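# Overview (structure and organization)
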Protein chains: 2
Amino acid sequence: MTMASDGADKALVLCSGGLDSTTLLARMVARYGREAVVALRISYGQRHSRELAAAEAVAAHYGVPLHTLDLASAFAQSDCSLLAHGQDPIPHGTYAEQGAEEGSAPVSTYVPFRNGLFLSAAASMALSLDCTVLCYGAHSDDVAGSAYPDCSLAFVEAMGRAIELGSGGALRLEAPFVALTKADIVAEGSRSGVPFELTWSCYEGADEPCGACATCLDRQRAFAANGMEDPAQKGRD
Amino acid sequence: MTMASDGADKALVLCSGGLDSTTLLARMVARYGREAVVALRISYGQRHSRELAAAEAVAAHYGVPLHTLDLASAFAQSDCSLLAHGQDPIPHGTYAEQGAEEGSAPVSTYVPFRNGLFLSAAASMALSLDCTVLCYGAHSDDVAGSAYPDCSLAFVEAMGRAIELGSGGALRLEAPFVALTKADIVAEGSRSGVPFELTWSCYEGADEPCGACATCLDRQRAFAANGMEDPAQKGRD
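Below is a short write-up of the structure. All figures in this text were calculated on a predicted structure; none of them were measured in a lab. (Residues numbered from 1 in each chain as written. Chains lettered and ligands numbered in written order. Predicted model: local features only at pLDDT ≥ 70, side-chain atom pairs only at ≥ 80, totals over all residues.)

### As for the interface of chain B and chain A
The partner chain A presents 39 residues to the 39 residues of chain B that form the contact. Those elements that place two or more of their residues in the side of chain B that touches chain A are β3 (66–70), α3 (114–128) and α4 (153–166) of chain B. With 11 residues, α3 of chain B is the single largest residue contributor to the side of chain B that touches chain A. Its residues placed into classes, the side of chain B that touches chain A shows 22 nonpolar, 13 polar and four charged. (Contact = placed C-beta atoms within 7 Å. Helix = DSSP H or I, 4+ residues; strand = E, 2+ residues; numbered from the N terminus. Nonpolar A, V, L, I, M, F, W, Y, C, P; charged D, E, K, R; others polar.)

The following block contains the structure:
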């Protein structure tokens, strides 16, 4: 509940194993030093463990402690297609092709209030570890109309206020990518030497990314927009 | 993610086993009918299981389904005195006697961002169960200066906005007691026949309430303000 002993900030970064949160981790390690950064990965009953393994590899790369939380029980009753017990397959195509637009219902891979739960659990752990900053890699592409309402700027602002108020001002939320695109994040990550080959984005858990789910398509476009090849996709070419 | 099939509201009530959330449950059962209400209790590594047993007895009394979540892992690193692994004893005396005042640090029984985490997990479960309303029994006495910042009106408003936004408008938060005192809640519960004898408030887990912790003192005052005897305290007299 207290600041780090020297009064300096200490950051907890929510790490999914994807390239957005990995680039965010790189930024925070550069800003605060790796001694003042911890990573948190969350198991929530997702279909595969590749992203959890990726988060571990990324934390090891940056030399920061990695904590793990299991929140699967909160989604035991959900029928979301992203969950291991979900009955529906992962849809193919972009979010727009799945019908996501302003005012539409969330897509079938929306896990109910998942990011709100992740941020709250991360806030609890951050306060327990005397962190003063909680870092979240949401970006504007993930809003995708109304595909993922828990990635929007308005949502992040409301959660940030709840976290500041509910912690008595001991913790603040930072989501510096919330107005950026995934292409912007690839550009920043490329400049700062992010090991993209360690990251995992695909919703499926095969040996290689499927190349057809919405997050694979988003990732392909983000690298293409930077005139880059995705090192995690090289095995497919 | 959808409304109940007939378009009517369905409510999930966070039930701690205490008298506030029990009175809230009574209000929601009266409003929506017990077929449209579910209760959720949360295990979080608290010192004792008496409040979990009380929540079960209360749900059975009202004939509503009871769900249980275990979120203890989020607090594994916390040194809060309310937790089973906490090293410090539960303090005696009122929150004011513990130094709580406007702008002070939270009291030692503040579990880091606990209520934010509870509300988020409850939101995830509520959406999975097709609920449209999430009910939270926070009241003004629990703010107690800055003793529990995650009970304040401002916090509840921020979380309510986060839940509405992050669920794409599918779920709303109701905290109808947030501006009331515990004495007001005892008055309402008394009028509506709440079985106060089934509820448990004490932070300790002895056979009888300790009568000395802040929540016991709050409860005693709330009954006294109504000229009532607390049925859960009868064994002590």
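### A short note on helix α2 (residues 50–62) of chain B
All names here are of chain B. When the terminal C-alpha atoms of α2 are compared, their 19 Å separation across 13 residues agrees well with the 18 Å that a helix rising 1.5 Å per residue should span. Among all positions of α2, only Glu51, Ala54, Ala55, Val58, Ala59 and Tyr62 are buried. Angularly, the buried residues of α2 cover 135° about the axis, an arc narrow enough to put them on a single face. Of the surrounding secondary structure, the elements contacted by the buried residues of α2 are α1 (19–32), β2 (37–43) and β3. A positive backbone phi angle near 70° is found at Gly63, which sits one or two residues after α2. (Expected span 1.5 Å × (residues − 1). Buried ≥ 20, exposed ≤ 12 C-beta atoms within 10 Å, placed from the backbone. Arc of directions from axis to C-beta.)

### Quick look at the sheet that holds strand β3 (residues 66–70) of chain A
Residue and element names in this part refer to chain A. With respect to topology, five strands assemble into an open sheet ordered β3-β2-β1-β4-β5, the strand pairing being parallel. Strands at the two margins of the open sheet, each flanked by one partner only, are β3 and β5 (172–174). The average undirected angle you get between the axes of adjacent strands in this sheet is 25°. Those strands touched by helix α3 (residues 114–128) are β1 (11–14), β2 (37–43), β3 and β4 (133–135), and its axis lies near 155° from that of β1. (Pairing = 2+ DSSP bridges. Axes fitted to C-alpha atoms, helices over the stretch in contact; angles between N-to-C directions.)

### Considering the pairing of β2 of chain A
Residues and elements named next belong to chain A. Of all seven residues that make up β2, six are buried, and the element is covered over most of its length. Alignment of β1 against β2, held across four bridges, turns out to be parallel. When the bridges of β2 are listed, Val13 appears paired with Ala39. Remark: the β1/helix α1 (residues 19–32)/β2 crossover connection has right-handed handedness. Bridge count between β2 and β3: five bridges; the pairing is parallel. (Right-handed = clockwise from strand over helix to strand, strands pointing away.)

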